[in-house]
Amino acid sequence: MTQYLIRRLLLLPFMLVGISLIAFILSHSVPADPVNAALGEGAIGKPDLVRAYKEHWGLDKSLPEQYLVYLWNLSHGDLGNSIISRRSVAEDLGDAIPATFELATTAILISLLGVPLGIWAAIRHRKVADGFIRFFSLVGSSVPVFWLAYIAIFLFYTNLSIFPVGDRLDTGVRPPTHITGFYTLDSLFTGNWSALGSSLRHLILPALVLSLTTIGTIIRVSRTITLDVLHQDYLRTARSKGLKELVIIARHALPNILVPVVTVISLSYGSLLSGTVLIETIFSWPGLGRYAFQSATKLDFPGIMGVSIVIALIYITINLIVDLLYAVLDPRIRTKAA
Amino acid sequence: MSTTADTPVKTPAAVTEPEASNLWRDAYRRFKKNKLAVGAFFVLVFLVFIAIFADVISPAPYDYSNLIDANQFPNSQHLLGTDSVGRDFLSRLIYGTRVSLTVGISVQLIALAIGLPLGIAAGMLGGWVDYIIMRGVEVLTSIPIWLFALFIISVWRSNGQQVGGGLLNVIVAIGLVGWVDICRLTRAQILTLREKEFVLAANAIGAKPLHIATHHLLPNALAPLIVAVTLGIPTAIFTEAGLSFLGFGINDPLPSWGKMVADSSSYIRVYWHLGLFPTLCIAVTMLTFSFVGDGLRDALDPNLKK
């Protein structure tokens, strides 16, 4: 197991090189003047500025050399400046990452409800409850999330005005002191109640809609696995011993249900962290997804390179954690690997 | 006494000879029993029929707009109403079926064209070829398909390279990332099948690796590939809908369900049908392909054989 982990970790830099290379090649297939794009019209009369920029990014060198310069700067934590925001990409991402983590974490916490729902559906196999839960899970995974988002906005914002839409706080509310980057937690820790209320109200609607995209899969997997486990011999033994059904489910079935379910949840979490483009764009949530959308569609090359690298890093880390979780949760895998 | 002894001998002769069992016949028999999958299959045939004969079925051309008729609710003239520029909504939904299915199927064809040979190469040749291909697959897996597709489409857009109202761009952009699953699956299948006795036998009589790959390994890997392709189609359709929704997929006047939902957003208060109908189309298509794909998987999986 450790050997496997070390091998995976050693591959990480190579993967990052691969990802940045793809982004770099794509970026340079556009006939745009990078200096003009990055510095804006204002730099035309300032040759010193242009020369300094060109030198920093090696723009007077050949393309392969430019790529090496980019990698060199990257290894020093310099991702360049965003063309849109005119700030450093690292700073932009530093704001976007906690926003996305807060949204994705809340959404995945909500969709954890899918586990008991799935298990319940399996216990009530082919009964009314099973039918309802399966239907709900199907709707969740087949109805496009952007329409659900519109309906949610229409109901809770336009009609009922319960929840605001757009950004993470009401205008005029100052963000809480930075501790975790999660506005809800930070305002809770600092006792900033107005920020807490505001950030919660901004968070709930997008998180709720986002959770609908993952809850369907979680229900389906929990239900299938439970059905499978319920027919195992050792459960029949437990039943014939006269154990109560609740004890059977909780003590005997649950541990075996948990391993695949935890995997699905972690993978969904990974996909939420990297692929919330639609929801973040619709709700104007200033996270990675919206940043990726803006930099991709406005051809902000430093931005797109930075955001691809960060998202790939998150994705790879989550996958590593899933592999580790396997070993922790399932003793069979642990002994096999050792 | 002798008659009773005769009966068990006679019974097997009386039973009609069962048809020889093979994978496809067994699969067909199992698939037929799965009511949900069969039902979904008929819906799928219906969708394909609509897509092919869109010109004949739809009451109006998808781009014919008549501003006087704009924003109508469903009525006898326009069965599903009209959109904000007075185009018959039913016709646009019908042509939207064609666009969606074209995207879904073409993306899978591209995925097969890239993923199959690479998967075979990785599985058969092993060594550094396998190593390089699989690292490439890992790199592409870790970039979200959205980010890649959005970026590549906006690069094409700024270069003025838009083909077929953005249709070809969407297909190629999704297909360029979509092949990794096929590649991974093909490789895994080949690695498992390579250890089987019939491959050893083929090797022993001196068959060339390419011959073994195309004549012995691929036919046996076909079942899981069919399932993967069937289940890949709705994913591609969903991605197209999302891209078009964001305005980076299919361009007007070509109808895309995703874009139709996006266009409806400002009218959701009054003209609810403009968002609901394309949403239902997407949902039905998604479910249809998922049910058929799941049914195929259950039917083709020999492990479940009773």
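The subject of this paragraph is the overall build of chain B. Scanning chain B for helices and strands turns up 12 helices and zero strands. Written out in order from the N terminus, the α and β elements of chain B read α-α-α-α-α-α-α-α-α-α-α-α. For chain B, whose C-alpha radius of gyration is 25 Å, the value lies well above the compact-globule estimate of 19 Å for 306 residues. With respect to the three principal axes, the spread of C-alpha positions in chain B is 90 × 65 × 30 Å. In chain B, which comprises 306 residues, the proportion classed as buried is 47%. Summarising the internal contacts of chain B: among those between residues at least 6 apart in sequence, 73% fall at separations of at least 24. When the accessible surface of chain B is totalled, it reaches about 15100 Å², and 67% of it is carbon and sulfur. Charge separation in chain B, taken as the distance between the mean sites of 22 positive and 20 negative side-chain charges, equals 5 Å.

For the rest of this paragraph, the subject is the overall build of chain A. Along its length, chain A carries 16 helices and zero strands. The C-alpha extent of chain A, read off along each of the three principal axes, is 85 × 55 × 40 Å. Here chain A, with 338 residues, has 47% of them falling under the buried criterion. Counting only contacts in chain A whose residues sit at least 6 apart along the sequence, the fraction spanning at least 24 positions is 68%. Within the structure as shown, chain A displays about 17000 Å² of accessible surface, and the carbon and sulfur contribution to it stands at 66%.

At the interface, 39 residues of chain B touch 41 residues of chain A. Note on chain B versus chain A: buried area summed over both sides is about 3400 Å², and carbon and sulfur give 83% of it. On the chain B side of the contact with chain A, Leu147(B), Phe151(B) and Ile268(B) bury the most area, a combined 19% of that side's loss. Linking chain B with chain A are zero salt bridges. Inspection of the region where chain B meets chain A yields two residue pairs in polar contact (both at pLDDT 80 or more). Of all elements in the fold, only α6 (127-142), α7 (145-158), α10 (209-245), α11 (257-264) and α12 (273-300) of chain B reach the threshold of two or more residues within the side of chain B that touches chain A. Tallying contributions element by element places α7(B) first for the side of chain B that touches chain A, with nine residues. Taken together, the residues of the side of chain B that touches chain A sort by class into 26 nonpolar, 10 polar and three charged.

Residues and elements named next belong to chain B. Relative to the helices and strands, Gln108 is located in helix α5 (residues 89-125). A residue is classified by how much of its surface remains accessible, and Gln108, at 8% relative accessible area, is buried. For the pair formed by Gln108 and Ile120, sequence separation is 12 residues and the distance between their alpha carbons is 17 Å. Look past the residues within four positions of Gln108 in its chain and what remains in contact with it is Ile182, Ala228, Val229, Gly232 and Ile233.

All right, on to the nonpolar core then. Membership of the largest hydrophobic core comes to 147 residues, with the highest contact counts inside it found for Val307(A) and Phe245(B). Core analysis: the next-biggest nonpolar cluster, separate from the first, contains 10 residues, Ala40(B), Leu47(B), Ala51(B) and Ile237(B) among them.

Our next topic: the packing of helix α12 (residues 245-274) of chain A against helix α15 (residues 301-329) of chain A. Residue and element names in this part refer to chain A. Two elements in contact, α12 and α15, have axes separated by 9 Å at closest approach and are oriented at 170°. Overall, the two elements α12 and α15 adopt an arrangement that is roughly antiparallel. Contacts between α12 and α15 involve Val259, Val262, Thr263, Ser266, Leu267, Tyr269, Gly270, Leu273 and Ser274 from the first element and Ile311, Ile314, Ile318, Asn319, Val322, Leu325, Tyr326 and Leu329 from the second. In terms of residue class, the contact of α12 with α15 is built from 12 nonpolar, five polar and no charged.

This part covers a nonpolar patch on the surface. Residues and elements named next belong to chain B. A surface patch of nonpolar side chains, amounting to about 540 Å² of accessible area, comprises Val48, Phe49, Ile52, Phe53, Val56 and Ile57. Sorting the residues of the nonpolar patch by element identifies α3 (35-52) and α4 (54-57) as the ones contributing at least two each. Among the elements that line the nonpolar patch, the one with the most residues is α3, at three residues. In this structure, Phe53 sits in the loop between α3 and α4.

What follows is about the packing of α5(B) against helix α8 (residues 167-193) of chain B. Two measures define how a pair of helices packs: the angle their axes make with one another and the distance between the axes. Residue and element names in this part refer to chain B. At a minimum axis distance of 5 Å, the contact between α5 and α8 shows a crossing angle of 40°. One finds that α5 runs oblique with respect to α8. Here α5 and α8 pass one another in a crossing that is right-handed. Its residues assigned to classes, the contact of α5 with α8 shows 23 nonpolar, nine polar and one charged.

In this section: the packing of aromatic side chains. Considering all chains together, one arrives at 13 aromatic pairs over all chains under this definition. Its guanidinium or amino end placed over the ring of Tyr183(A), Arg168(A) lies 3.8 Å from that ring's centre, counting from NZ or CZ. Positioned above the aromatic ring of Tyr131(B), the side-chain terminus of Arg135(B) is 4.5 Å from the ring centre.

Residues and elements named next belong to chain A. The topology assignment puts Glu102 in helix α5 (residues 89-111). A relative accessible area of 3% places Glu102 in the buried class. Among all residues touching Glu102, those that are not within four sequence positions of it are Arg168, Phe182, Tyr183, Thr184, Leu203 and Trp285.

All names here are of chain A. Structurally, the position occupied by Asp330 is in the loop between α15 and α16 (331-337). Residue Asp330 is classed as buried on the basis of its relative accessible area of 9%. Taking the C-alpha atoms as reference points, Asp330 and Pro260, 70 residues apart in sequence, are found 9.9 Å from one another.

Residue and element names in this part refer to chain A. Counting through the fold element by element, Arg168 comes out in the loop between α8 (145-159) and α9 (183-189). With a relative accessible area of 4%, Arg168 lands in the buried category. A distance of 2.7 Å separates the side chain of Arg168 from the side chain of Glu102, its partner in a polar contact. Reaching out from Arg168, the side chain makes a polar contact with the backbone oxygen of Gly181 at a distance of 3.0 Å. Excluding residues that lie within four positions of it along the chain, Arg168 makes contacts with Asp95, Pro98, Ala99, Glu102, Gly181, Phe182, Tyr183, Ser198, Ser199, His202, Trp285 and Pro286.

About the cut-offs
- Residues numbered from 1 in each chain as written.
- Chains lettered and ligands numbered in written order.
- Predicted model: local features only at pLDDT ≥ 70, side-chain atom pairs only at ≥ 80, totals over all residues.
- Heavy atoms only, no water.
- Helix = DSSP H or I, 4+ residues; strand = E, 2+ residues; numbered from the N terminus.
- Rg over C-alpha atoms; globule rule 2.2 N^0.38 Å.
- Buried < 20%, exposed > 50% of the residue type's maximum accessible area, 1.4 Å probe, protein only.
- Contact = heavy atoms within 4.5 Å.
- Areas by Shrake-Rupley, 256 points an atom, 1.4 Å probe, with all protein chains shown as cover.
- Lys, Arg positive; Asp, Glu negative; His and termini not counted.
- Charge placed at Lys NZ, Arg CZ, Asp CG, Glu CD.
- Buried area = accessible area lost by both parts, 1.4 Å probe.
- Salt bridge = Lys/Arg side-chain N within 4 Å of Asp/Glu carboxyl O.
- Polar contact = N/O pair within 3.5 Å; in protein donor to acceptor, adjacent residues only side chain to side chain.
- Nonpolar A, V, L, I, M, F, W, Y, C, P; charged D, E, K, R; others polar.
- Core = buried A, V, L, I, M, F, W, Y, C linked by side-chain atoms within 4.5 Å.
- Axes fitted to C-alpha atoms, helices over the stretch in contact; angles between N-to-C directions.
- Parallel < 35°, antiparallel > 145°, perpendicular 65-115°, else oblique.
- Patch = residues over 30% accessible without salt bridge, like charges linked within 9 Å, V, L, I, M, F, W, Y side chains within 5 Å.
- Left-handed = near helix turned anticlockwise from the far one by under 90°.
- Phe/Tyr/Trp six-rings, centres within 6.5 Å; stacked < 30°, edge-to-face > 60°.
- Lys NZ or Arg CZ within 6 Å of the ring centre and 35° of its normal.

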